[in-house]
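Here is how the chains run, residue by residue.
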Amino acid sequence: MDDALLAEELTRRLSERKGQSKSAVGRSLSQRGLASDVVSEALSEIDDGEERRVAFEIAEKRARQMGSLDAQTLERRLSGFLARRGYPGGLVRDIVSEIARRRPSASSGPRFR
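Residues numbered from 1 in each chain as written. Predicted model: local features only at pLDDT ≥ 70, side-chain atom pairs only at ≥ 80, totals over all residues. Heavy atoms only, no water.

Draft legend 1. Just the environment of Gln20, in detail. Checked against the element boundaries, Gln20 lands in the loop between helix H1 (3-17) and helix H2 (22-31). Expressed as a C-alpha distance, the spacing of Gln20 and Ser30, which sit 10 residues apart in the sequence, is 15 Å. Ignoring anything within four residues of it in the chain, the contact list for Gln20 reads Leu14, Ser15, Val25, Ser28, Arg85 and Tyr87. (Helix = DSSP H or I, 4+ residues; strand = E, 2+ residues; numbered from the N terminus. Contact = heavy atoms within 4.5 Å.)

Draft legend 2. The pattern of salt bridges, seen in detail. Going through the model one piece at a time under the given rule, you end up with eight salt bridges. Between Glu57 and Arg53 there is a salt bridge, and its shortest N-O distance comes to 2.7 Å. Pair noted here: Glu57 and Arg53 are both in helix H4 (residues 48-65), with a separation of four residues, about one helical turn. Since its relative accessible area comes to 43%, Glu57 is described here as partly exposed. Taking the relative accessible area as the measure of exposure, Arg53 reaches 35% and is therefore partly exposed. Ionic contacts of the salt-bridge type, sharing partners, join the residues Arg52, Glu60, Arg64, Glu98 and Arg102 into one network. (Salt bridge = Lys/Arg side-chain N within 4 Å of Asp/Glu carboxyl O. Buried < 20%, exposed > 50% of the residue type's maximum accessible area, 1.4 Å probe, protein only.)

Draft legend 3. A look at H4. The first and last C-alpha atoms of H4 sit 26 Å apart over 18 residues, in line with the 26 Å expected at 1.5 Å per residue. Among all positions in H4, only Glu51, Val54, Ala55, Phe56, Ile58, Ala59, Glu60 and Ala63 are buried. If you follow the buried residues of H4, they end up packed against H1, H2, helix H5 (71-84) and helix H6 (89-102). A side-chain oxygen of the first residue of H4 lies 3.2 Å from the backbone nitrogen of Gly49; this N-cap is Asp47. (Expected span 1.5 Å × (residues − 1). Polar contact = N/O pair within 3.5 Å; in protein donor to acceptor, adjacent residues only side chain to side chain.)

Draft legend 4. Quick peek at the packing of H1 against H2. In the contact formed by H1 and H2, the axes pass within 10 Å of each other and the chain directions differ by 140 degrees. Between H1 and H2, the interaxial angle falls into the category oblique. At the point where H1 passes H2, the crossing takes the right-handed sense. On the side of H1, the interface is formed by Ala7, Leu10, Thr11, Leu14 and Ser15, while H2 contributes Val25, Ser28 and Leu29. Residue composition of the contact of H1 with H2, by class: five nonpolar, three polar and no charged. (Axes fitted to C-alpha atoms, helices over the stretch in contact; angles between N-to-C directions. Parallel < 35°, antiparallel > 145°, perpendicular 65-115°, else oblique. Left-handed = near helix turned anticlockwise from the far one by under 90°. Nonpolar A, V, L, I, M, F, W, Y, C, P; charged D, E, K, R; others polar.)

Draft legend 5. Local environment of the nonpolar core. Leu78, Leu82, Tyr87, Ile95 and Ile99 are the most contacted members of the largest nonpolar core, which totals 18 residues. Elements that contribute at least two residues to this core include exactly H4, H5 and H6. Tallying contributions element by element places H4 first for this core, with six residues. Those residues in contact with Tyr87 that lie beyond four places of it in its chain are Gly19, Gln20, Ser21, Glu51, Val54, Ala55, Ile58, Leu82 and Val92. Ranked by size, the runner-up nonpolar core spans 11 residues in total, among them Leu10, Leu14, Val25 and Val38. (Core = buried A, V, L, I, M, F, W, Y, C linked by side-chain atoms within 4.5 Å.)

Draft legend 6. Layout of the packing of H4 against H5. Between H4 and H5, the shortest axis-to-axis distance is 10 Å and the interhelical angle comes to 135 degrees. When the interaxial angle is binned, H4 and H5 end up oblique. Crossing of H4 against H5: the hand is right-handed. Where H4 approaches H5, its residues Ala55, Ile58, Ala59, Arg62 and Ala63 are matched on the opposing element by Leu74, Leu78, Phe81 and Leu82.

Given below as structure tokens:
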């Protein structure tokens, strides 16, 4: 298989399906022995908006699974969840804050409609 094609496919799978950050995808591609120019080209397909969208989607899905947790615990666990996937701290804080703001209070009924 062509290295560029392999890098493109792995980038798509790791980013979209596995929810990994751009930097985590880059590390994975480099560990496979792909040339740095091939890795850079593949990573250029992930723009900041796409990375944020993927991070938000996986965090929102995880938040739904943790619906019974108090706000502080939810924020701490979501932050760790995103950090382990390689997302930068500023992006993690923004996403976790946004999810926390959208979270209904316990008395208002079902969470994350």
